[in-house]
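Tertiary structure, described
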Amino acid sequence: MTAERIGIAVYCASSSRVDQKYLSAAREMGRLIAVTGHELVCGGGVMGLMAAAIEGAADAGGRAVGVLPTFMIERGWAHPRLTEMIATPTMHIRKQTMAERSCAVVALPGGIGTLDELCELMTWHQLGLFTGPVVIVNTDGFYDPFIAMLERMRQEGFMRGDMIPATVVATPAEAMAVIDSAK
């Protein structure tokens, strides 16, 4: 972990049509990031878990950095409470920028975009391109089928090593404990 990387990237759903327990976990993740002196680095969206994380960080007096491709900004998808907004030309550059600003990444529940971000960072972690912790917050067992698939990949020889390239926890507080222990 380097001193200039104080951000924690959070990948999560932009959908608001989800159970309140997921929104609450995202808000708590944002709050914990702020109170521990990190900055939230996220997709910067105005809806769903992304918005809840931003609001959790902002309400706790923290910094919320949103990284959005230009087309998303043009569509008005940026959250108004972002401390800083970074425009990127592509989704790929968005993911790269988020990783470059972060000492750790956390995946909260989400859809295909969240899985894309998580899987790319797990790959980077496995290759040594991203050395910070990769943490999956498995709220109410949301990621159980995904974790089972990763375990099957590992058991059948499709993944190197004895473990999946991420730490699985149940709560945002446990995610912060993993990140803090990596310092």
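The coordinates are above.
Overview of the overall build of the chain
The helix and strand inventory of the chain stands at seven helices and seven strands. Counting from the amino terminus, helix and strand elements in the chain follow one another as β-α-β-α-β-α-β-α-β-α-β-α-β-α. In terms of C-alpha radius of gyration, the chain reaches 15 Å, essentially the compact-globule figure of 16 Å for 183 residues. Across its three principal axes, the chain shows a C-alpha extent of roughly 45 × 30 × 30 Å. With 183 residues in all, the chain has 48% of them scored as buried.

As for the sheet that holds strand β7 (residues 167–169)
Either a parallel or an antiparallel arrangement is found when strands of a sheet pair, and the pairing is made through backbone hydrogen bonds. Spatially, β4-β3-β2-β1-β5-β6-β7 is the arrangement adopted by the seven strands of the open sheet, whose pairing is parallel. Because the sheet does not close on itself, it has two edges, and the strands there are β4 (84–88) and β7. Sheet twist, expressed as the mean angle between neighbouring strand axes with direction ignored, is 25°. Looking at chain direction, strand β1 (residues 7–11) and strand β2 (residues 39–42) are connected through four bridges and run parallel. Along β2, the bridge assignment pairs A9 with V41. With respect to the sheet, helix α7 (residues 172–181) is in contact with β1, β5 (102–107), β6 (134–137) and β7, its orientation differing from that of β6 by roughly 170°.

What about the environment of V134?
Position of V134 relative to the elements: it lies in strand β6. Judged by its relative accessible area of 3%, V134 is buried. With 32 residues separating them in the primary sequence, V134 and A166 have C-alpha atoms 4.8 Å apart. Beyond its immediate stretch of four places on either side in the chain, V134 contacts V105, L118, L121, M122, H125, P165, A166 and T167.

Digging into the pattern of salt bridges
Taken as a whole and judged by the stated rule, the model has 13 salt bridges. Ionic pairing is found between E84 and R101, a salt bridge with its closest N-O pair at 3.1 Å. Taken as a pair, E84 in strand β4 and R101 in the loop between α4 (91–100) and β5 lie far apart in primary sequence, 17 residues in all. For E84, a relative accessible area of 26% corresponds to the partly exposed category. Its relative accessible area of 23% is what places R101 among the partly exposed residues. What emerges from the salt-bridge pattern is a single network uniting R27, E55, D59 and R81.

Examining helix α1 (residues 20–35)
Over its 16 residues, α1 runs 22 Å from end to end, which matches the ideal 22 Å to within 8%, given 1.5 Å per residue. For α1, the set of buried residues is Y22, L23, A25, A26, M29, G30, L32, I33 and A34. At its buried positions, α1 is contacted by β1, β2, α2 (48–59), β5 and α7. The N-terminus of α1 is capped by D19, whose side-chain oxygen sits 2.9 Å from the backbone nitrogen of K21.

Describing the packing of α4 against helix α5 (residues 112–127)
At a minimum axis separation of 11 Å, α4 and α5 run at an interaxial angle of 55°. Here α4 is positioned oblique relative to α5, judged by the angle of their axes. As for how α4 packs across α5, the hand of that crossing is right-handed. On the side of α4, the interface is formed by H92, R94, K95, Q96 and A99, while α5 contributes D116, E117, E120, L121 and W124. Taken together, the residues of the contact of α4 with α5 sort by class into three nonpolar, two polar and five charged.

Rules used in this analysis
Residues numbered from 1 in each chain as written. Predicted model: local features only at pLDDT ≥ 70, side-chain atom pairs only at ≥ 80, totals over all residues. Heavy atoms only, no water. Helix = DSSP H or I, 4+ residues; strand = E, 2+ residues; numbered from the N terminus. Rg over C-alpha atoms; globule rule 2.2 N^0.38 Å. Buried < 20%, exposed > 50% of the residue type's maximum accessible area, 1.4 Å probe, protein only. Pairing = 2+ DSSP bridges. Axes fitted to C-alpha atoms, helices over the stretch in contact; angles between N-to-C directions. Contact = heavy atoms within 4.5 Å. Salt bridge = Lys/Arg side-chain N within 4 Å of Asp/Glu carboxyl O. Expected span 1.5 Å × (residues − 1). Polar contact = N/O pair within 3.5 Å; in protein donor to acceptor, adjacent residues only side chain to side chain. Parallel < 35°, antiparallel > 145°, perpendicular 65-115°, else oblique. Left-handed = near helix turned anticlockwise from the far one by under 90°. Nonpolar A, V, L, I, M, F, W, Y, C, P; charged D, E, K, R; others polar.

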